[in-house]
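# Working through the structure, step by step
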Amino acid sequence: MLNLVLFGPPGAGKGTQSQKLVDKHHLVHISTGDIFREHIRNETDLGQQVSQLIADGELVPDSITIAMLEEEINKHPEARGFIFDGFPRTVAQAQALDTFLEGIGEEVTGVIALDVDEAELTERIAKRKLVSNRADDDSEKLKKRIQEYYGKTIHVLPYYEAQGKVERVNGIGEIEAIAQQLDAIVSGYAAV
Ligand code: AMP
């Protein structure tokens, strides 16, 4: 299996790039943010539990997020692999993913970190807000999300660096050019 973590701050292009990789490499895309939003739209118990946190730009507690992720993986027993987008966002989540994958005889193949500076993120999300209809794309809420990223999520990188699994890609530039770089990395994994 090819299990890729696509890592980066809000607005780095994880969703856009995941879509391209999924189409080419036939992987299952798991975006925890998308799944949470789906629960909120469907007004499930989980949706009700997390909607305020998400609207405020805060992270959902690890226990809830990890349980949801594991359930999602289990829905795809035939998958050739997964792209994790927006997960893990804490070291505890990264550890839980390793433990879970180990339990099914798998592991994280690699982590691609999209580097985008804060000024560019803010600009991109201000544009996205015009079409996304996401309360958390609001500038105040975005500040909180960026704070969560630099406070909690950034520590996930050294965790995977210690395993020698991180590739960094400049996330600023033409979408297609970035997609080609990602594709080259993922094709390299697939060839191993
Ligand atoms: P995203 O669509 O990835 O930007 O996620 C939107 C929001 O969903 C985040 O700001 C968090 O509130 C929540 N969320 C998504 N993924 C996670 C995660 N792995 N851990 C905690 N909260 C998450």
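Here is a short report on the structure shown in this document. If you're wondering where the values come from, they're calculated on a predicted model, not measured in any experiment.

A word on the overall build of the protein chain. Of regular secondary structure, the protein chain possesses nine helices and five strands. Taken from the N to the C terminus, the helices and strands of the protein chain come in the order β-α-β-α-α-α-β-α-β-α-α-α-β-α. Its C-alpha atoms give the protein chain a radius of gyration of 16 Å, near enough to 16 Å, the size a compact globule of 192 residues would have. When its C-alpha atoms are laid out on the principal axes, the protein chain stretches across 45 × 40 × 30 Å. Residue burial in the protein chain is summarised as follows: out of 192 residues, 45% are buried. Considering only intrachain contacts with a sequence separation of at least 6, the fraction spanning at least 24 residues in the protein chain is 77%.

Let us now look at unusual backbone geometry. What you tend to see is this: most non-glycine residues have negative phi, and most peptide bonds are trans. In the segment running from Phe-87 into Pro-88, the intervening peptide bond is cis, with an omega of -5 degrees. Residue placement: Pro-88 occurs in the loop between strand E3 (81–85) and helix H5 (91–103). Its identity as a non-glycine residue notwithstanding, His-26 has a phi of 55 degrees, on the positive side. On the secondary structure map, His-26 appears in the loop between helix H1 (14–25) and strand E2 (28–31). A positive phi angle is found at Asn-133, which is not glycine, with a value near 60 degrees. Within the secondary structure layout, Asn-133 lies in the loop between helix H6 (118–132) and helix H7 (139–151). Overall, the relative accessible area of 75% leaves Asn-133 in the exposed class.

Taking strand neighbours across the sheet as the criterion, the five strands line up as E2-E3-E1-E4-E5 in an open arrangement whose pairing is parallel. Because the sheet does not close on itself, it has two edges, and the strands there are E2 and strand E5 (166–170). Taken pair by pair, the neighbouring strands of this sheet meet at an average axis angle of 20 degrees, ignoring direction. Relative to E3, strand E1 (residues 2–7) is paired through five bridges, and the arrangement is parallel. Note on E3: the bridge partner recorded for Leu-4 is Ile-83. Sheet strands in contact with helix H2 (residues 32–41) are E2 and E3, and its direction is about 70 degrees off that of E2.

Moving on, we get to the site of the ligand. In the vicinity of the ligand lie 16 residues, with Thr-32, Arg-37, Glu-58, Gly-86 and Gln-93 positioned nearest. The contact in question runs from an oxygen atom of the ligand to an N or O atom on the side chain of Arg-37, over 2.9 Å. In this structure, a nitrogen atom belonging to the ligand sits 3.0 Å away from a main-chain N or O atom of Val-60. Notes on the ligand: free accessible area 480 Å², of which the protein chains cover 96%. Looking at the shell around the ligand element by element, the count peaks at four residues for H2.

With that out of the way, let us pick up the nonpolar core. Ranked by internal contacts, the top residues of the largest apolar core, which has 31 residues, are Val-5, Phe-7, Ile-30, Ile-73, Phe-84, Leu-97 and Tyr-160. If you tally residues by element for this core, the top one is H5, at five residues. The residues contacting Tyr-160, other than those within four sequence positions of it, are Val-5, Pro-88, Ala-94, Leu-97, Asp-98, Val-108, Val-111, Lys-165 and Val-166. Membership of the second largest hydrophobic core comes to 21 residues, among which are Leu-2, Leu-6, Leu-121 and Leu-182.

Let us look at the side chain of Asp-98. For Asp-98, the position within the fold is in helix H5. Of the side chains with opposite charge, Lys-165 comes closest to the buried, unpaired Asp-98, at an N-O distance of 5.3 Å.

The rules behind these values
Residues numbered from 1 in each chain as written. Predicted model: local features only at pLDDT ≥ 70, side-chain atom pairs only at ≥ 80, totals over all residues. Heavy atoms only, no water. Helix = DSSP H or I, 4+ residues; strand = E, 2+ residues; numbered from the N terminus. Rg over C-alpha atoms; globule rule 2.2 N^0.38 Å. Buried < 20%, exposed > 50% of the residue type's maximum accessible area, 1.4 Å probe, protein only. Contact = heavy atoms within 4.5 Å. Pairing = 2+ DSSP bridges. Axes fitted to C-alpha atoms, helices over the stretch in contact; angles between N-to-C directions. Near = heavy atom within 4 Å. Polar contact = N/O pair within 3.5 Å; in protein donor to acceptor, adjacent residues only side chain to side chain. Areas by Shrake-Rupley, 256 points an atom, 1.4 Å probe, with all protein chains shown as cover. Core = buried A, V, L, I, M, F, W, Y, C linked by side-chain atoms within 4.5 Å. Lys, Arg positive; Asp, Glu negative; His and termini not counted. Salt bridge = Lys/Arg side-chain N within 4 Å of Asp/Glu carboxyl O.

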